[in-house]
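Letter by letter, the chains look like this.
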Number of protein chains: 2
Amino acid sequence: MARTNAQRPARRALRRPPAAADRALASLGARTVPTAADHPHWTPLNRIVIELVYPEIDGGRYPVKRIVGERFTVWADVFRDGHDVVAARVRHRAAEDGDWKVAPMAHHDNDRWTGEFRLDRMGRHFYTVDAWTDVFATWRRDAAKKLAAGQDTMLELLEGREILEATLSALRGSDAACVRDALARAAAGSAPDRQCAALLDDKLAGVMARVGPRADQSSYARELEVVADRRRAGFAAWYEMVPRSQGAVPGRSGTFDDCIRRLPGIRAMGFDVVYFTPIHPIGRVNRKGANNSLDGGPDDPGSFYAIGAKEGGHEAVHPALGTLDDFARLVAAAQKLDMEVALDFAIQCAPDHPWVREHPEWFRFRPDGSIRYAENPPKKYQDIVNVNFYGPHREALWNALRDIVLLWCARDVRIFRVDNPHTKPLPFWEWLIREVQARYPDAIFLSEAFTRPKMMKALAKLGFTQSYTYFTWRNFKQELTDYLTELTRTEAREYFRPSFFPSTPDILPQFLQRGGPPAFKIRLVLAATLSPVYGIYNGFELCENRGLPGTEEYADSEKYQLKVWDWDRPGHIKQLIGRINWIRGENPALQGHGNLGFWRADDDNVLFYGKATEDRGNLVFVAVNLDPFEPHETVLWFPIAEMGLGDADAFEVEELLTGAKHLWRGSPQRVRLEPESNPAAIWRVRIWKHVEYRAPTA
Amino acid sequence: MARTNAQRPARRALRRPPAAADRALASLGARTVPTAADHPHWTPLNRIVIELVYPEIDGGRYPVKRIVGERFTVWADVFRDGHDVVAARVRHRAAEDGDWKVAPMAHHDNDRWTGEFRLDRMGRHFYTVDAWTDVFATWRRDAAKKLAAGQDTMLELLEGREILEATLSALRGSDAACVRDALARAAAGSAPDRQCAALLDDKLAGVMARVGPRADQSSYARELEVVADRRRAGFAAWYEMVPRSQGAVPGRSGTFDDCIRRLPGIRAMGFDVVYFTPIHPIGRVNRKGANNSLDGGPDDPGSFYAIGAKEGGHEAVHPALGTLDDFARLVAAAQKLDMEVALDFAIQCAPDHPWVREHPEWFRFRPDGSIRYAENPPKKYQDIVNVNFYGPHREALWNALRDIVLLWCARDVRIFRVDNPHTKPLPFWEWLIREVQARYPDAIFLSEAFTRPKMMKALAKLGFTQSYTYFTWRNFKQELTDYLTELTRTEAREYFRPSFFPSTPDILPQFLQRGGPPAFKIRLVLAATLSPVYGIYNGFELCENRGLPGTEEYADSEKYQLKVWDWDRPGHIKQLIGRINWIRGENPALQGHGNLGFWRADDDNVLFYGKATEDRGNLVFVAVNLDPFEPHETVLWFPIAEMGLGDADAFEVEELLTGAKHLWRGSPQRVRLEPESNPAAIWRVRIWKHVEYRAPTA
């Protein structure tokens, strides 16, 4: 076919390719044209796509949470154009270390890769993903295919040798010997395809995967963060106490020494964290009276959340409780029992808090010169004033608040339950928690936020170790299943570590008020087996459930008055609590969070769920009658396949509250749960594998 | 209560708060402690949380796609600590403009906000979200609550006046008058609560929302990108043709002039894009023969995907097709018919492509000096060599490839179907598309990738305007429903714009091979009504379905030999195609992508779905018999509630293929679909609202 004249201009255009672009540009006039180079992410490198890294919260904005010592698994989509062989790894380092380490990734399925490493120290770690083209593995796969197809591999042999020889120059020791040996075998005068085959052996492939040439080195665009908390951050049973209620003399405040006397009994119930409501001096200005009345008199002790008086502020302890030395003895006594003291960090101040006088610049005043007390109109909290977090003296205030926490850390407290964090700025908490944990990586912060769902999650994301939850109001099958599924099966499980409290000083739910002792047992079993972190508030073990009518407030709440309890009063459930906590300790499955599964129970009053360790070595099922009034008998459907059971296998269950054992076969099993005597059953499962026969051992 | 000695040290610690921190630090020795300041994201500003912005692809790494002129809706979670009133807006700008504009956001539900703006020009736009505390609105809400509760509002009055007076100093015109007027009414000597009430009126609130003080100004951390493509990127019917097959003389290549003669007939079928397989000179080295045989002789025309010969490369046209002037006439002729020419961009070269001689540095050579041709071992593509994208002359090569595209843009081509993009580096495509669209924002790129799902999505994310899909192999109810749900209901719909082709030169699916003309009708209706962008490959209108046995290849494929068609041969379905394209043009519902819903049909052989415009002004339902062999009669369940029908309403349907009308009541409607005569029904719906009575107009 003859070339036509008309084609020549095009040909010239190719020889001077910029001309076309220039013309195109010129046609746009002087306009500035944004090009690829202006794009914040584009780069000619990163040929290999690395994306959808999991876990990753909000594009890497927030860290995920794990427990020190755990293996941390990272997932990513990794792929490139064409057919070359790709390899990938997780790259990670501890924040305070600086040395990057690597862990290999393996292809899982559908371009999804996974790798893992051990979080070998407490604190923050960074991780990201690298990938590259494995030059030798690509050559090897193609050469093997051609060999298998009987094609000529003369050129493959030469190319394989080239790769190996280039690699060899940088090698020493056994790696060098392996490559040298392969090259020698490939040069041994046999037919080219026999020589080529000599370069395909597995040992050489293993060496070259480690030391061979890597092309197209690519890295994920972000370094992500994981916080490795200590064990107790992820598995703990809390006992919340109001220290002034621990005494024995009516009308007189309990003391730290009274608290010390209480510790062995609390330990006997199986708790390992003793959390104290605020222990600081209480303001006298606008002090509240009994049942939150406005007419508190000089004899009223006041709300311990109205912090600060002439005796001191957040750094001080209430004189009626004792001295700082007494407090130090309490901390030591708890440690001796393998328990730990947690304190309340509540930022609000009483109007007579020393800071109001010393640092008026940290507060807000109204046009008449009066200090602005807390309000949520039309409600007023006259005994509390709030600091001004974004005033002109922000830095000094934030430092002072941080130093309060550091001070209590220096006094050997490492767990802080933070009061109403959702009414203080989120950047403040993110800053404070990082500041404290940089110095005390073992510091634990529990977010006491009962508020809108996104705020609760935001607090967890920014750094709170644990979070209060809606568990307190989730009583029935569907709502418990939905909520626990959200907590354990969605991304929330990577950062939101729930703490289940059936009641708090502020919340005595209707379920407990109306359901009596069976309700307390039900809620106890649910809290303790659905969540590895849970707690009770003192009085729960006595089934105390007198509320102010029509509210969730306790009648005669110890928030506003002195109280004396008989900790052995009839009807207490301390043995049950101790047994439940013992069961938690004995069964690693109950110490995990993401390992919860709900299973079918035919009656809507019965909740049936199970937890297992990763290797299924510990397998626990729980059935709870959610109705505090009536017994329910129903069929539970055990998940035979998920339990690893074959058709011919049986399973032994031990009911851990009673010790009763059964040998069961098949999925459906009938159970009857009585509110008073046995509202719940907790079974540990052992599999009886069918054995065809065993040959006698020689 | 007396202060004890033991408390004094603590008190001192507070007065010099750094002391505690210093001691804590000292205890760590000289170790460097990372603090909040080291965190890449933390800042004391951004008090307001702005997160989960939608749409956002991979943490903002990739742009989303829209059509110019559309309203673009942005969602975000926006909230802050405490109870203050928050306001938010979308901030956006066109990439080439630079001026930020703003659009208000409104609270939707559960801390979710939404706002929208119009994409008023083609090309890239950036968007992000701002939020702030509305100081006056906060004051106003609290003051109103106190007034309603009958509380004293003396101080509120003073504070409200303060805010207004501070604002007033910066105001002019009607805003100033409004504020001044309110202040005057509030000073009018009446009772304080009457005065306070004067500051609560709605007009003042509106002015202050615009001009009042804003605290806690916060912005989302990222600026996100949206590409506004032109209309044809989102709604088009393509006709793919092999230009050399458009002639009338057996054994002679068709020409551009033959193509020009074909255009009116293609327009009559309703197509608006005419896409040509490669039009460049074809290599002679290792030329393929008929049916992809290796023994191509001098009379074989060769595969048009083996691009380049002594007559020229990607810049040239094949002499047998005509000249560049002929091509220019073809482009102009198409434009005159309101059609547009699309070209194939296939980067591979024939071994005798001029670049191999002129730029050997852009290719790879083997140890024996031979050029490396394309392989996927053990398969070999001897008539094709690939460029070396990451060789030492990467920049010159990439620029040359870009300039090829710019050259064809300069020749008035703006649509490129890109051959096998998944075998070329992804950063190259991201760069090339941005480079071209910076100069030609109207350039459209269709990704011809039939490969693994994540690669197909990655190409769409990085910038391809449209993408080939798995539709070609999705024939039955569940698989169609699943696939379309993925494309229209997941995040993919924000960046992956599908193009549905029932067949291509490389793929003649078994469904068409075995199902005959009814199969062609079925696939046509599905492609054209499920996706606003679709196309057919020439011969489809003739129901051409002769395949190579056991493959998806056409027998005697025109990829390897010259062919002459009788475009009016008996059995063609051109009228049906024309009718379907007319229906698409008449019904805006069929021009949208995310507006697809599947509805119940009792027979698994019948697929039933609907599309609606946002205002439900256009409502189209489609039922397709997926079985090409037998008729099926079944009940369709119209989604009465989604259609906006009340119990007493009826609906009129017009079957758009036949013109038949029915008046229907209630959800279930019986239909019979015959493979030969009516394999599908397309109903336009009009609602007959029940009218109680209408009063006569005066």
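Residues numbered from 1 in each chain as written. Chains lettered and ligands numbered in written order. Predicted model: local features only at pLDDT ≥ 70, side-chain atom pairs only at ≥ 80, totals over all residues. Heavy atoms only, no water.

### Quick look at the overall build of chain A
Next up, step 1: Across its full length, chain A carries 17 helices and 27 strands.
Next up, step 2: Rg of the C-alpha trace for chain A: 33 Å, well past the compact-globule value of 26 Å for 698 residues, more than 25% over.
Next up, step 3: With the C-alpha coordinates aligned to their principal axes, the bounding extent of chain A is approximately 110 × 85 × 55 Å.
Next up, step 4: In chain A, buried positions account for 60% of the 698 residues.
Next up, step 5: Sequence-distant contacts, at least 24 apart, represent 75% of the contacts inside chain A between residues at least 6 apart.
Next up, step 6: Accessible area of chain A: about 27600 Å², with a carbon and sulfur share of 51%. (Helix = DSSP H or I, 4+ residues; strand = E, 2+ residues; numbered from the N terminus. Rg over C-alpha atoms; globule rule 2.2 N^0.38 Å. Buried < 20%, exposed > 50% of the residue type's maximum accessible area, 1.4 Å probe, protein only. Contact = heavy atoms within 4.5 Å. Areas by Shrake-Rupley, 256 points an atom, 1.4 Å probe, with all protein chains shown as cover.)

### Remarks on the pattern of salt bridges
Next up, step 1: Throughout the structure, instances matching the rule amount to 132 salt bridges over all chains.
Next up, step 2: Ionic pairing is found between A:Lys457 and A:Glu486, a salt bridge with its closest N-O pair at 2.9 Å. Of this pair, A:Lys457 sits in helix H14 (residues 453-462) while A:Glu486 sits in helix H15 (residues 477-489), and the two are 29 residues apart along the sequence.
Next up, step 3: Across the pair B:Arg61 and B:Glu430 runs a salt bridge whose closest N-O atoms are separated by 3.0 Å. Residue B:Arg61 is found in the loop between strand E1 (49-54) and strand E2 (64-67), and its partner B:Glu430 is found in helix H13 (residues 426-439); the two are separated by 369 residues along the sequence.
Next up, step 4: Assessed through its relative accessible area of 17%, B:Arg61 is described here as buried.
Next up, step 5: Taken together, the shared-partner salt bridges connect A:Lys146, A:Glu156, A:Glu159, B:Arg366, B:Arg372 and B:Glu375 into one network. (Salt bridge = Lys/Arg side-chain N within 4 Å of Asp/Glu carboxyl O.)

### What to know about the environment of B:Pro264
All names here are of chain B.
Next up, step 1: Its place among the elements puts Pro264 in helix H9 (residues 256-268).
Next up, step 2: Owing to a relative accessible area of 46%, Pro264 belongs among the partly exposed residues under this scheme.
Next up, step 3: For the pair formed by Pro264 and Ala131, sequence separation is 133 residues and the distance between their alpha carbons is 55 Å.

### Observations regarding the relation of the copies chain A and chain B
Next up, step 1: Superposing chain A onto chain B takes a rotation of 180 degrees plus a shift of 0.0 Å along the axis, which leaves an RMSD of 0.1 Å. In the structure described here, the two chain copies are related by an operation that fits a two-fold rotation axis. When C-alpha distances to the rotation axis are compared across chain A, the minimum falls at A:Gly59, with a value of 2.4 Å.
Next up, step 2: Most of the interface of chain A is mirrored in chain B: 98% of its interface residues are interface residues there too. (Least-squares fit on C-alpha atoms with pLDDT ≥ 70 in both.)

### A look at the interface of chain A and chain B
As a measure of interface size, the accessible area lost when the parts come together is often cited.
Next up, step 1: The partner chain B presents 117 residues to the 119 residues of chain A that form the contact.
Next up, step 2: Here chain A meets chain B over a buried area of about 10100 Å², counting both sides, of which 58% is carbon and sulfur.
Next up, step 3: Between chain A and chain B we count 14 salt bridges in total.
Next up, step 4: A:Arg452 is the partner of B:Asp111 in a salt bridge, and the nearest nitrogen-oxygen pair spans 2.8 Å.
Next up, step 5: Inspection of the region where chain A meets chain B yields 22 residue pairs in polar contact (both at pLDDT 80 or more).
Next up, step 6: Counted by class, the side of chain A that touches chain B contains 52 nonpolar, 20 polar and 47 charged residues. (Buried area = accessible area lost by both parts, 1.4 Å probe. Polar contact = N/O pair within 3.5 Å; in protein donor to acceptor, adjacent residues only side chain to side chain. Nonpolar A, V, L, I, M, F, W, Y, C, P; charged D, E, K, R; others polar.)

### With respect to the packing of helix H4 (residues 154-168) of chain B against helix H5 (residues 173-186) of chain B
Residue and element names in this part refer to chain B.
Next up, step 1: Their axes nearest at 10 Å, the elements H4 and H5 cross at an angle of 155 degrees. The pairing of H4 with H5 is recorded here as roughly antiparallel in orientation. Here H4 runs over H5; the crossing is left-handed. Seen from H4, the contacting residues are Leu157, Arg161, Leu164, Glu165 and Leu168; seen from H5, they are Ala176, Val179, Arg180, Leu183 and Ala186.
Next up, step 2: Considering only residue class, the contact of H4 with H5 consists of seven nonpolar, no polar and three charged. (Axes fitted to C-alpha atoms, helices over the stretch in contact; angles between N-to-C directions. Parallel < 35°, antiparallel > 145°, perpendicular 65-115°, else oblique. Left-handed = near helix turned anticlockwise from the far one by under 90°.)

### Description of the confidence of the model for chain A
Residue and element names in this part refer to chain A.
Next up, step 1: Mean pLDDT for chain A: 93, with 95% of residues reaching 70 or above.
Next up, step 2: With pLDDT under 50 throughout, residues 1-22 is counted as low confidence; its partners more than four residues away or in other chains account for 40 contacts.
Next up, step 3: Low confidence marks residues 24-31, where pLDDT is under 50. Its contacts with residues over four positions away, or in another chain, come to seven contacts.
Next up, step 4: Here the prediction assigns the complex a pTM of 0.92, and the interface score ipTM is 0.91. (pLDDT = per-residue confidence, 0-100.)

### A word on the packing of helix H5 (residues 173-186) of chain A against helix H7 (residues 202-211) of chain A
When two helices pack together, you describe them by how their axes are tilted relative to each other and by the distance separating the axes.
Residue and element names in this part refer to chain A.
Next up, step 1: Contact pair H5 / H7: the axes reach a minimum separation of 10 Å and the direction vectors enclose 130 degrees. For the element pair H5 / H7, the angle class is oblique. You can see that H5 and H7 cross each other, and the crossing is left-handed. Each of Asp175, Cys178, Val179 and Ala182 in H5 lies in contact with H7, whose residues at this interface are Lys203, Leu204, Val207, Met208, Arg210 and Val211.
Next up, step 2: Considering only residue class, the contact of H5 with H7 consists of seven nonpolar, no polar and three charged.

### Focus: the side chain of B:Glu541
Residue and element names in this part refer to chain B.
Next up, step 1: By the secondary structure assignment, Glu541 is in the loop between strand E19 (533-537) and helix H17 (574-586).
Next up, step 2: Separated by 2.4 Å, the side chains of Glu541 and Tyr239 make a polar contact.
Next up, step 3: Apart from the residues lying within four places of it in its own chain, the contact partners of Glu541 are Tyr239, Arg262, Met269, Ile536, Trp567, His572, Ile573, Lys574 and Ile577.

### Observations regarding the environment of A:Val533
All names here are of chain A.
Next up, step 1: Tracing the backbone shows Val533 in strand E19 (residues 533-537).
Next up, step 2: The exposure class of Val533 is buried, given its relative accessible area of 0%.
Next up, step 3: Placed 300 residues apart in sequence, Val533 and Ala233 show a C-alpha to C-alpha distance of 7.9 Å.
Next up, step 4: Val533 has contacts with Ala233, Gly234, Phe235, Ala236, Trp238, Gln466, Pro498, Ser499 and Phe500, leaving out every residue within four places of it along the chain.

### Overview of the side chain of A:Asp81
All names here are of chain A.
Next up, step 1: Turning to its location among the elements, Asp81 is positioned in the loop between strand E3 (71-79) and strand E4 (86-94).
Next up, step 2: Given the relative accessible area of 1%, Asp81 is considered buried.
Next up, step 3: Within the structure, Asp81 has its side chain in polar contact with the side chain of Arg80 (distance 3.4 Å).

### Considering the sheet that holds strand E11 (residues 273-276) of chain B
Residue and element names in this part refer to chain B.
Next up, step 1: Pairing is parallel across the open sheet formed by eight strands, whose spatial order is E18-E17-E16-E15-E12-E11-E10-E19. In the strand order of this sheet, the two ends are held by strand E18 (498-499) and E19, each with one partner.
Next up, step 2: Here strand E15 (residues 415-419) pairs with strand E16 (residues 444-448) via five bridges, running parallel. In the sheet register, Asp419 faces E16, and the bridge partner there is Glu448.
Next up, step 3: Contacts from helix H10 (residues 324-336) reach E11 and strand E12 (340-345), with the element oriented near 130 degrees to E12. (Pairing = 2+ DSSP bridges.)

### Quick word on the packing of aromatic side chains
Residues and elements named next belong to chain B.
Next up, step 1: Scanning the entire structure with this criterion turns up 76 aromatic pairs over all chains.
Next up, step 2: Here Tyr468 and Phe501 contribute two aromatic rings whose centre-to-centre distance is 5.2 Å and whose plane-to-plane angle is 10 degrees, an arrangement assigned as stacked. Separated by 33 residues along the polypeptide, Tyr468 in strand E17 (residues 466-468) and Phe501 in the loop between E18 and helix H16 (510-530) bring together distant segments of the chain. Assigned by exposure class, Tyr468 and Phe501 land together as buried. (Phe/Tyr/Trp six-rings, centres within 6.5 Å; stacked < 30°, edge-to-face > 60°.)

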